[in-house]
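Read off the chains here:
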Amino acid sequence: MSSNDIRKNFVFKKEVAQHLEEIAKREGKSMTKVMEELVEKKYSEVSKEDKLKAFYSFAGSGTGLFGDLTIQKIKASMNEKYV
């Protein structure tokens, strides 16, 4: 382990531990590596969801900033000023 590694103890159901061991053997990886990859994959999904939520909450807040304003109304308003 490197100085950046942290050891946490997890308790799995026997069946889950066996599944983890089987996956590791099939992929030729350690159980730790399999768990790291699964956690990172899931975290990536969660992170994307959080970013999308933040984006949509921001994007939604921009609607209605100018009320019922359209290009046509702006042009009509400008024409009224110069007529």
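Notes on the structure follow. (Residues numbered from 1 in each chain as written. Predicted model: local features only at pLDDT ≥ 70, side-chain atom pairs only at ≥ 80, totals over all residues. Heavy atoms only, no water.)

1. Overview of the pattern of salt bridges
And then number 1: In total, this model carries 5 salt bridges according to the counting rule given.
And then number 2: In this structure, glutamate 21 and lysine 25 form a salt bridge, with 3.9 Å as the shortest nitrogen-oxygen distance. One end of the pair, glutamate 21, and the other, lysine 25, are both in helix 1 (residues 14–27), 4 residues apart, so they sit about a helical turn from each other.
And then number 3: Using a relative accessible area of 37% as the deciding quantity, one classes glutamate 21 as partly exposed.
And then number 4: Within the structure, one salt-bridge network assembled from shared partners comprises Glu27, Lys29 and Glu37. (Salt bridge = Lys/Arg side-chain N within 4 Å of Asp/Glu carboxyl O. Helix = DSSP H or I, 4+ residues; strand = E, 2+ residues; numbered from the N terminus. Buried < 20%, exposed > 50% of the residue type's maximum accessible area, 1.4 Å probe, protein only.)

2. Some details on the packing of aromatic side chains
And then number 1: In the structure shown here, the tally under the stated rule is 1 aromatic pair.
And then number 2: Between phenylalanine 10 and phenylalanine 12 the ring centres are 6.4 Å apart and the planes differ by 25°, which places this aromatic pair in the stacked class.
And then number 3: On the accessibility criterion, phenylalanine 12 (36% relative accessible area) is partly exposed. (Phe/Tyr/Trp six-rings, centres within 6.5 Å; stacked < 30°, edge-to-face > 60°.)

3. Notes on the layout of surface pockets
And then number 1: Taken as a whole, the largest pocket holds about 600 Å³ of empty space.
And then number 2: The wall of the largest pocket is formed by 15 residues, among which Ile6, Lys8, Phe10, Thr32 and Glu36 lie closest to the centre.
And then number 3: Tallied by class, residues from the lining of the largest pocket come to 8 nonpolar, 2 polar and 5 charged. (1 Å grid on protein atoms, 1.4 Å probe; cavity = no way out; pocket = protein on both sides within 12 Å on 5 of 7 lines; lining within 4 Å. Points joined across faces, edges and corners; volume = space filled by probe spheres on them. Nonpolar A, V, L, I, M, F, W, Y, C, P; charged D, E, K, R; others polar.)

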